[in-house]
Amino acid sequence: MLDLKFLVSNPHEVKDNLARRGEEIDIDSIIELNQKRKDFIKEVEVLKNKRNEVSKKIGELKRQNKDISEITKEMKTVSNKISEYDSEIKMIEEDINGILIRIPNMLLPEVPDGKDESENILSHEWGNRREFDFDPKPHWELAEKLNLVDFNRGAKIAGSRFSVYIGAGAKLERALINFMLDKHSENGYTEVIPPLLVNSATMTGTGQLPKFEDDLFKCERDGLYLIPTAEVPLTNIYAGEILQGENLPLKFMAYTPCFRREAGAHGQDTRGLIRQHQFNKVELVKIVTPETAWEELKKLLEDAEDILRQLCIPYRVVKLCSGDVGFSAAFTFDIEVWLPGQKCYREISSCSIFTDFQSRRAGIRYKVKGKKGTEYPYTLNGSGLAVGRTFLAILENYQNQDGSIVIPEVLRPYMNNVEVIS
RNA sequence: GGAGAGGUGGCAGAGUCCGGCCGAAUGCACCGCACUCGAAAUGCGGCGCCCGACUUGCUCGGGCCGGGGGUUCGAAUCCCUCCCUCUCCGCCA
């Protein structure tokens, strides 16, 4: 969330930012509420000071066995007044927080203007799109024919947007997971197996709550939510803690299934593996000092891109424009893979810098040696990569005319050296 | 699920029975200074977080002892409630 002090002293910047994102939130009412809050605090603190002093005196008088009934009665009314003020202040603070927690992050100046994904800016491209001497099929046809994924039985067991990976399909998925984890391990990320269910404080820390409750699966009875990405548990590992500055940057990675309700995506990508309620993802998360944030984001992006390069799958990287950057993010690079079966690019990774937005929400701070006070670190994350989408990208890019699939060389050691699935 | 014990500053650990002089002893860690060629050891001093005020100061005030609520003039301390940890029993992958 934004720093209240920043908001109060820079209301125009905050409003401009909302405009760039195409959102509307009443900023002035926060400023008014905050002024009211300060006024009440000023008054109640005078009373509390009095109460503290008199209470001290009462202690002394009591020890001397003197009569305190009169002074006690007087203080009773002071105390009552204090609790009235306190509850008023608390209500105001709840109001302020209720708005503040729904304000999106400030975009960095590097974010290009634009209303939606159509105005994202190409950063760079890699790889050559393969020339096919036949009409390449979409992955769902390939997967079904080879019996790698059973969409119908997934729907039978769980519902639409669920699928069953079978045999070589399941093996290929697992090979991808292990390949990605091993690669990132070499690049210094610490492997983590986090909880897949988390509480609401954790979801609030990274920004999924309160605004995006409808996109989450919730276990009502236990007050727990299925994670939509490992970003959530990984970023919150140090929630509420004070880190030592010299230990930054911290680099974590995790493979987890991810769960999304996809509310509002009815009718979109209903076929195939593109948009599932449950999918596998390897996620990269960094906690860094503000000075190194850009450098670390570029490295993270590089780490994610490297997976596609090793797999020899063409892709492009785009800078998200102001209207497309997510709620918590301040800047985002998307990596999009080429899918010849569908003749389009699809997002396979989103690498973002969150500035201090998440760390402030989650209460992650760090201390610099010799400096007093604490500071909020920047958090970064990116998919490295979405496994299901990598799986389908392999199918579409490595397909043969007969419907068989060549296994990319780097994956063969993870698949008993199988070269072709047919 | 049942019974019990406990959650205090970066860590360890007193204080809680008998409410006030406790934002909190002591030790460790950390940071200055002294000693030293340097280091260790030792000695001295410092050492939490958040909010508010203005005369922006090595200032003043308020709040914080797992979260929330209550009793009281006054709560780390008493009561209620929730969360978490540990031990034992039961059940179970």
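Quick caveat, the model's predicted, so the values are computed rather than measured.

Cut-offs and rules
Residues numbered from 1 in each chain as written. Chains lettered and ligands numbered in written order. Predicted model: local features only at pLDDT ≥ 70, side-chain atom pairs only at ≥ 80, totals over all residues. Heavy atoms only, no water. Salt bridge = Lys/Arg side-chain N within 4 Å of Asp/Glu carboxyl O. Helix = DSSP H or I, 4+ residues; strand = E, 2+ residues; numbered from the N terminus. Buried < 20%, exposed > 50% of the residue type's maximum accessible area, 1.4 Å probe, protein only. Near = heavy atom within 4 Å. Polar contact = N/O pair within 3.5 Å; in protein donor to acceptor, adjacent residues only side chain to side chain. Nonpolar A, V, L, I, M, F, W, Y, C, P; charged D, E, K, R; others polar. Axes fitted to C-alpha atoms, helices over the stretch in contact; angles between N-to-C directions. Parallel < 35°, antiparallel > 145°, perpendicular 65-115°, else oblique. Left-handed = near helix turned anticlockwise from the far one by under 90°. Contact = heavy atoms within 4.5 Å. Phe/Tyr/Trp six-rings, centres within 6.5 Å; stacked < 30°, edge-to-face > 60°. Lys NZ or Arg CZ within 6 Å of the ring centre and 35° of its normal.

Colleague: Which residues make up the pattern of salt bridges, and what are the values?
Modeller: According to the stated counting rule, one finds 23 salt bridges in the structure shown. Arginine 37 is paired through a salt bridge with glutamate 93; the nearest N and O atoms lie 3.2 Å apart. Taken as a pair, arginine 37 in helix 3 (residues 27-63) and glutamate 93 in helix 4 (residues 69-100) lie far apart in primary sequence, 56 residues in all. Given the relative accessible area of 35%, glutamate 93 is considered partly exposed. Here lysine 299 and glutamate 296 are joined by a salt bridge, their closest N and O atoms 3.7 Å apart.

Colleague: Describe the protein's contact with RNA strand B, naming the residues involved and giving the relevant values.
Modeller: Around RNA strand B, the surrounding shell holds 24 residues, and the nearest of these are Asn49, Ser55, Lys62, Ser79 and Lys90. Taking the atoms of RNA strand B that fall within 4 Å of the protein, sugar and phosphate contribute 70% of them. The separation between a phosphate oxygen of RNA strand B and a polar side-chain atom of lysine 367 is 3.4 Å. Looking at the surface near RNA strand B element by element, the count peaks at 14 residues for helix 3. Its residues placed into classes, the surface near RNA strand B shows three nonpolar, eight polar and 13 charged.

Colleague: Would you mind going over the packing of helix 7 (residues 168-186) against helix 10 (residues 293-311) in detail, with residue names and values included?
Modeller: Axis separation between helix 7 and helix 10 bottoms out at 10 Å; the angle between their running directions is 130 degrees. Judged by the angle between their axes, helix 7 and helix 10 are oblique. Every pair of crossing elements has a handedness; the one defined by helix 7 and helix 10 is right-handed. Here helix 7 contributes Leu176, Phe179, Met180, Lys183 and His184 to the contact with helix 10, which in turn contributes Asp303, Asp306, Ile307, Gln310 and Leu311.

Colleague: Just give me the short version of the packing of aromatic side chains, but keep the residues and values in it.
Modeller: Tallying each qualifying case throughout the model produces eleven aromatic pairs. Cluster of aromatic residues (ring-pair linked, three or more members): Phe212, Phe327 and Phe357. Positioned above the aromatic ring of tryptophan 338 is the side chain of arginine 129, whose terminal nitrogen or guanidinium carbon lies 4.0 Å from the ring centre. Here the basic side chain of lysine 251 rests over the ring of tyrosine 189, its NZ or CZ set 4.9 Å away from the ring centre.

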